[in-house]
Structures are given as C-alpha cells and as structure tokens.
Amino acid sequence: MEFSRMGVQWTNWVFFLVCCSGSSFGNPNRCDEVRKVFQLRQIGPNKLLPLSPKPGSDLQVCLSRNLTCCTKKMEERYQLAARRDIQNLLQTSSSSLKFLISRNVAAFQETFEVLMKQAENHTNAILQQSYRNMADQATGLVQELFTDISLFLLGSELNIDDLVHRSFDALFPLVYNHLLNPGLSDIAPGYAECVRLSSRDVRPFGGAPGLLAEQIARSGFSGKLLLQALHLGIEVINTTDHLQFSRECRRALLKMHYCPHCQGLTQSKPCMGYCLNVMRGCLASLAEIDAHWREFVRSLEGLSARMHGSHDLEQVLQGVHTVLHDAVAHAQRNGPHLSTQVHKLCGPPSRKPAQTVGIQHSRSRESMPLKASVRESGASLTVRRKEFLNSLRLYRTYYGGLADQLCVSELASGDGLSCWNGADIVKRCSVSGSP
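Everything numeric in this text was worked out from a predicted model, so none of it was measured. (Residues numbered from 1 in each chain as written. Predicted model: local features only at pLDDT ≥ 70, side-chain atom pairs only at ≥ 80, totals over all residues. Heavy atoms only, no water.)

K.L.:
Looking at this structure, I do not really get the overall build of the protein. What am I missing?
P.N.:
Counting its regular elements, the protein contains 16 helices and two strands. Within the protein, buried positions represent 45% of all 435 residues. Counting every atom, the protein has about 23100 Å² of accessible surface; 54% of that belongs to carbon and sulfur. (Helix = DSSP H or I, 4+ residues; strand = E, 2+ residues; numbered from the N terminus. Buried < 20%, exposed > 50% of the residue type's maximum accessible area, 1.4 Å probe, protein only. Areas by Shrake-Rupley, 256 points an atom, 1.4 Å probe, with all protein chains shown as cover.)

Here you go:
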C-alpha cells in the first residue's frame, strides 16, 4: 500500500518535471521558420539570417547556451521591431479612448452649431411676429450678432461685451425709425448714424445688452473650457502613444518578444508574471500620469455639473430671443423720453425723400401671442455631455492599468499554456495527487 502511494507521487513528480522543464518547439537544425517570420513582419532583409543555427557569441541580449538563429545585426533589428510593436499596441489600445473624445468634440460642435442656427431663426421669427415692420431690416443684425457669438464661443479673442453692445447700438436706429418716431420715409443715413452713436448715452434698451453679454460670457466660458479640456485630453493621448523607451526597456522588450525566435520559438508568448514585470517597468512613466488622468476626468465631471442655469450655454442661446424682444419692448415703453434725448443729441429727424408706402404698425407681444420654441430633433448639449461622461468614466483608470491590460489581453500566454520566461519555454501544470 505504501509502495503504491509512493509510486503515484513519483509519477506525479516526473509528470511535473516534464511539464515544467524547458522545451524547444523550433527545428534545431534549420532557421526556416525564423526566416519566414522575419520576412513576414518586415523586420529586415533575409540576408541577415544564417542558413542554420550557429553559436551566438556576439549577441548582446539574446544569450543562450544553445546554437542560435540570430546574429548581432538581427538582434538590432529585433530591438527596433519590439519597440515598434509596443508603440503600435499602445496606439491601438488608446484608439477607442481617442475616438470617444474626438467624436464628442465634433458632436458638441455640431450640436452647438445647430443650436446657434435654431436660436437665430427663432429670434428672427419673434421679431417678425412682434415687430413686423422692422423685422426684415433687423435680420442682418441678428445674423451678425449670432456669428460674433459663435466666433467668441469657438475661441476667437472677441470682446463679448463690445460685440453685444455693438449689435444693440445698430438695432437702435431701426427701433427709433419704425417704433419710436415713425414717418412717411426712413430716417436719413447720417441721422441713423447719429442715433446709433447716441445709444450708449441714452441707453434705450436698459440693462438688456449687459445682461446678455454677461450670460454669454459666463456660459460661454464653461463651454469653451470643456472643449479646451477635451482637446488637451487628445494631446495627452497622442503624446503617450509615442512614448520614448529607455535603453533598459528596449532591451527588455527585445528579450521578451524576439529572443525566443533566436531559438526557433516563433510562436511563443511571455509568461504572465514576466510580461507584467517588463511592461510595468517600461510604462512606469504612464502609470505616473494615472493620478493626473483621474483628476482630469473628475474635473470634467465637476465642470459639467456646474453647467446649468446661467452657466448652461444651451439655455442661454435659447433665451436670446426673449432678451432681444424685451429690450425692444423696454424702448417702446420709454419712447417719448428716448425721442427727447435723441433730439437733444441729433436734432429733429432728418428723413429720406417721401415715398408712397404703407405704414405698418408694430404688433407687440400683448397683441400677438408668441408660439413656443419648437426644438428640432437631435440630442441636446446636456444629453450629449452626460452620455460622454458616462463613457469616459470607464477609462478613469486607463493609464494606471495599461501595462496589466496589455499583458492580459494581448501579450502574455494564457493560463496553463507554455510560455517564455526570458530564458526558456516552460509549461505551468497543476498536479493533483492523493496525500
């Protein structure tokens, strides 16, 4: 009985030693497979390879007691190939993250442009409903206002306060001509220019210009900051995709990836522990980025959380028509006072020669109810922002876990399979036996 148990244990140990001892899967007499892979991966010219294995006394990294299919020139080419392979792998690994960010930059800008056009069209529609006799002439001013806002939000160095006040200044002659002091003909160009210049003194629209400028500046700052942050994220990814490896790392990558080829083991993969040691060392600088990347994601979440109310660009743009309409209504209510002020500064109205025209009376908000704004189909900025952040959170630990991810998903051999340990091929086995 005791002899039988010892026999079983002896058999298990022999099996274990056979499984876990070094084994060669290459042809020890020829380098044909090495040559084939060398050519297929375009590592270098085939003339660098020996026809048959030979001593590798001149090798620097891929040292072996056995004969080898490598030369020193091949070793140099293998080192370049190992670095190229890892850089390609880094770019492939980050491509989904980069695409997520760049796609949403484009989506935010597209949604923003749609919102700008909707806001412009709705503002013109409101003016047409309420102030039909001056609406056509105001269309150009409205377009210019939204063009300037768009340029400001996309990064132009425009002064938002100046551009908003300039648009209201240009609107005042139209309001004066059609609503405050209408006549049989339009006021003369010279007089219209005087009315425009008087706008800053008489303040016909009350605090509306300042209010709109403040709202756009506040919400626009958050929107611009978001886009700038996303562009920064793409720059970080591009930089890490082209990581510069140290000499020690390049040699370690060579030993892990291509030294087994020298022994004809072209299909081998590194053992998991070995892979993790090499990759964690080579990507140590990326692991240092991890804390900053996590903070970057948290900052985007915080910025998004603050983008509501007066900080919500979408809400501000949808409210431009209300600010503009109320500003014109304010001027109408103060018409006699404003007319007196303009007369003091510009004199009595000077008009173009009279023409036979029908005078269209303005219809105020009270006499013609406004229709609610109809949103076109498509995701809003808020919805897109939330969807983007939900996806980005999945990459919060991207840099900290990159080395492990590459080994697990791409580089290392699977559990229970033969693997390269840096010196030889080993096979991990689980031995079970009766105690």
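There's plenty left to go through after this.
K.L.:
Looking at this structure, how should I read the packing of aromatic side chains?
P.N.:
The geometry of an aromatic ring pair is captured by two quantities: the separation of the ring centres and the angle between the planes. Counted under the stated rule, the structure contains eleven aromatic pairs. Where Y176 meets Y191, the ring centres are 6.1 Å apart and the plane angle is 40°; that geometry is what we call tilted. With Y176 in helix α5 (residues 160–180) and Y191 in helix α6 (residues 189–202), the pair connects residues that are 15 residues apart, well separated along the chain. Across the pair, Y191 and Y176 agree in class, each one buried. (Phe/Tyr/Trp six-rings, centres within 6.5 Å; stacked < 30°, edge-to-face > 60°.)

K.L.:
How should I be thinking about the side chain of H261 in this particular structure?
P.N.:
The topology assignment puts H261 in helix α9 (residues 259–262). Residues contacting H261, with those up to four places away along its chain left out, are V34, V37, R41, C69, Y78 and T266. (Contact = heavy atoms within 4.5 Å.)

K.L.:
Help me out: how do you make sense of the nonpolar core in this one?
P.N.:
One broad trend across soluble globular proteins is that nonpolar side chains are buried collectively. In terms of nonpolar packing, the biggest core is built from 121 residues, with Y78, L171, M279, L283 and W293 touching the most fellow members. The element contributing the most residues to this core is helix α3 (residues 72–130), with 17 residues. The contact partners of W293, leaving out residues within four places of it in the chain, are L97, I101, G233, I237, L392, Y395, R396, Y398 and Y399. (Core = buried A, V, L, I, M, F, W, Y, C linked by side-chain atoms within 4.5 Å.)

K.L.:
Sorry if this is basic, but what is going on with the packing of α3 against helix α7 (residues 208–241) here?
P.N.:
Axes are the key here: two packed helices are described by the angle between their axes and the distance separating the axes. The interhelical angle for the contact between α3 and α7, taken along N-to-C directions, is 165°, at an axis separation of 9 Å. Between α3 and α7, the angle falls in the class roughly antiparallel. The element α3 and its partner α7 pack so that their crossing is left-handed. Judged by residue contacts, Q87, L90, Q91, S94, L97, K98, I101, S102, V105, F108 and Q109 of α3 engage L226, L227, L230, H231, G233, I234, I237, N238, T240 and D241 from α7. The class makeup of the residues in the contact of α3 with α7 is ten nonpolar, nine polar and two charged. (Axes fitted to C-alpha atoms, helices over the stretch in contact; angles between N-to-C directions. Parallel < 35°, antiparallel > 145°, perpendicular 65-115°, else oblique. Left-handed = near helix turned anticlockwise from the far one by under 90°. Nonpolar A, V, L, I, M, F, W, Y, C, P; charged D, E, K, R; others polar.)

K.L.:
Looking at this model, I keep getting lost on the packing of helix α10 (residues 272–282) against helix α16 (residues 402–411). Mind explaining?
P.N.:
Interaxial distance between α10 and α16 falls to 9 Å at its minimum, and their mutual angle equals 140°. By the angle class used here, α10 and α16 are oblique. As α10 packs across α16, the resulting crossing turns out to be right-handed. Here M272, C275, L276, M279 and R280 of α10 come into contact with α16, specifically with A403, D404, L406, C407, V408 and L411. When its residues are assigned to classes, the contact of α10 with α16 shows nine nonpolar, no polar and two charged.

K.L.:
Honestly, the confidence of the model for the protein in this entry has me stumped. Any pointers?
P.N.:
Predicted coordinates in areas of low pLDDT are best not read in detail. Of the residues in the protein, 85% have a pLDDT of 70 or more, and the chain-wide mean is 83. Here residues 1–28 is modelled with pLDDT under 50, and outside its nearest four sequence neighbours on either side it reaches 30 contacts, counting other chains as well. (pLDDT = per-residue confidence, 0-100.)

K.L.:
Just to check I follow, could you spell out the state of the cysteines for this structure?
P.N.:
Should the sulfur atoms of two cysteines be covalently bonded, the bond is a disulfide. Taken as a whole and assessed by the stated rule, the structure comprises seven disulfides. Here C70 is linked by a disulfide to C262, with a sulfur-sulfur distance of 1.9 Å. Given an S-S torsion of about -85°, the disulfide between C70 and C262 has left-handed geometry. Taken as a pair, C70 in the loop between α2 (32–40) and α3 and C262 in helix α9 lie far apart in primary sequence, 192 residues in all. The residues C70 and C262 share a single accessibility class, namely buried. Disulfide partner of C194: C346, at an S-S distance of 2.0 Å. Taking the sign of the S-S torsion, -95° for the link of C194 and C346, the bridge is left-handed. Of this pair, C194 sits in helix α6 while C346 sits in helix α14 (residues 335–346); the two residues are 152 residues apart in sequence, bridging distant segments of the chain. What makes C194 partly exposed here is its relative accessible area of 24%. By relative accessible area, which is 16% here, C346 ends up buried. (Disulfide = S-S within 2.5 Å.)

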